[in-house]
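# Geometric and topological summary
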Amino acid sequence: MKRRDFLKASLGGAALLGAGAAQGRGNLEPAEEAIGMLFDSTLCIGCKACVSKCKEVNGMPATPLEDETYWDAARDLSHETLNVIKVYQEGDASIKDAAENGFAFEKRSCMHCVDPGCVSVCPVTAMRRDPKTGIVTHHPDACIGCRTCMVGCPYNVPQFDYDNPFGEIHKCQMCNQEGVARIDQGGMTGCAEVCPTGATLFGSREALLEEAKRRMTLKPGETYNYPRGDVRKPESHHEKAVPAYQNHIWGEKEAGGTNVLHVSSIPFEKLGMPPLEERSYASISETVQHTIYNYMALPAAALAGLTYIVRRNTEDEDGGES
Ligand code: SF4
Ligand code: SF4
Ligand code: SF4
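Let me begin by describing the structure that accompanies this report. The structure displayed is predicted, hence computed values, not measured ones.

Along its length, the protein chain carries 7 helices and 12 strands. Counting across all 322 residues of the protein chain, residues that qualify as buried make up 47%. Here the contacts in the protein chain between residues at least 6 apart in sequence split such that 60% fall between residues at least 24 apart. Accessible surface, the protein chain: about 16,800 Å² in total, of which carbon and sulfur atoms supply 53%.

Attention now moves to the site of ligand 3. Close to ligand 3 lie M37, C54, N58, N83, K107, S109, C172, M174, C175, T189 and C191. In terms of residue class, the shell around ligand 3 is built from 6 nonpolar, 4 polar and 1 charged.

Taken together, 14 residues lie near ligand 2, and C110, M111, C113, C118 and C153 sit nearest. Here the shell around ligand 2 is built from residues that sort into 11 nonpolar, 2 polar and 1 charged.

Another point: the layout of surface pockets. Computed from the structure, the largest pocket encloses a volume of approximately 660 Å³. Looking at the lining of the largest pocket, the elements with two or more residues in it are α2 (49–58), β5 (127–129), β6 (136–138) and β8 (169–170). The class makeup of the residues in the lining of the largest pocket is 10 nonpolar, 9 polar and 11 charged.

Whenever strands of a sheet pair, they do so through backbone hydrogen bonds, lying parallel or antiparallel. The sheet built from 3 strands is open, its strands ordered β9-β1-β12 with mixed pairing. Whereas interior strands pair on both sides, the edge strands pair on one side only; in this sheet they are β9 (200–204) and β12 (260–263). The average angle at which neighbouring strand axes cross in this sheet is 20°, direction not considered. As paired strands, strand β1 (residues 35–40) and β9 are joined by 5 bridges and run antiparallel to one another. Its bridge partner lying in β9, I35 is registered against S204.

Let us now look at the packing of aromatic side chains. Applying the stated criterion to the full structure yields 5 aromatic pairs. Put simply, the rings of Y155, W250 and F268 pair up and form one aromatic cluster. Sitting over the face of the ring of F160, R147 holds its NZ or CZ atom 4.6 Å from the ring centroid.

What follows covers the environment of A255. As for its position among the elements, A255 is in the loop between β11 (236–241) and β12. Take A255: its relative accessible area is 7%, and that puts it in the buried class. Linking A255 and P154, residues 101 residues apart in sequence, is a C-alpha distance of 8.6 Å. Those residues in contact with A255 that sit more than four places away from it in its chain are L276, E277, E278, R279 and S280.

Here is what the cut-offs are and how they apply
Residues numbered from 1 in each chain as written. Chains lettered and ligands numbered in written order. Predicted model: local features only at pLDDT ≥ 70, side-chain atom pairs only at ≥ 80, totals over all residues. Heavy atoms only, no water. Helix = DSSP H or I, 4+ residues; strand = E, 2+ residues; numbered from the N terminus. Buried < 20%, exposed > 50% of the residue type's maximum accessible area, 1.4 Å probe, protein only. Contact = heavy atoms within 4.5 Å. Areas by Shrake-Rupley, 256 points an atom, 1.4 Å probe, with all protein chains shown as cover. Near = heavy atom within 4 Å. Nonpolar A, V, L, I, M, F, W, Y, C, P; charged D, E, K, R; others polar. 1 Å grid on protein atoms, 1.4 Å probe; cavity = no way out; pocket = protein on both sides within 12 Å on 5 of 7 lines; lining within 4 Å. Points joined across faces, edges and corners; volume = space filled by probe spheres on them. Pairing = 2+ DSSP bridges. Axes fitted to C-alpha atoms, helices over the stretch in contact; angles between N-to-C directions. Phe/Tyr/Trp six-rings, centres within 6.5 Å; stacked < 30°, edge-to-face > 60°. Lys NZ or Arg CZ within 6 Å of the ring centre and 35° of its normal.

Below is the structure:
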């Protein structure tokens, strides 16, 4: 076999690899009618009404402390806690929403990512993103319990029920799973419905983002009428002095963005949010997969080329002998 022919076969495979890299995708765009929530840490008073309501909506038991004197003292997400309020404390923790010597509350539940890693890595499409609303739901009937979604989520949201011999993944379904369907019936999420201060606000992602951006422009100390319930048709408002917000809307861009947005007066890294780039995990991993698959095409193409050339040479030799 001639070296020129070998190189030709190899370069054909390399061209395929280049084409594969070009096929890598960018972040998904928000769904056309994306639904979400805005959590404003500065409005949260830590009452945990949202935690209790979430359990009620999802038929989950309370998580009491060992002495059972407290109602629902869940400290973190679990298979029976899909929404939790965490506490930030620094120094003597005497000033609300201050980074130094202060305290603040932070909500943890599924962020309903615009380009969800959990959906991207699930091998059996048990995690799905609704193309219309962007709501990300888990479907136990399709789930094989491999727990790959737990690895694909940058927020450690999907939780596995290790106590159940058949196992099962649990996460916030934005109160829109089978048997609940609050959103499909024109309602709002349980946690937003009961929040007394509007710290958890429901609505379209577009309207929530607009509200969050408005808050960034307010002067600290001036009075603002904060809406409660659904930002598009608030049940009520309450007046409150504007805090010194961080000029950062979490979820506007992080890892491709989220439908659940957060604002705060304390830097998000102090509130335990993960360091994330703007590019989504899903777009990175799917680009790598494309490239690897096409990389596998390189030896295949080279082998096909070599087989052809060897066969042709053999036929030439045979032809020469006869
Ligand atoms: S119900 Fe509202 S104020 Fe109470 S803990 Fe939940 S988010 Fe905070
Ligand atoms: S926060 Fe995690 S579980 Fe929720 S949609 Fe994003 S990747 Fe999926
Ligand atoms: S949207 Fe529903 S399931 Fe999700 S945290 Fe709120 S109450 Fe819980």
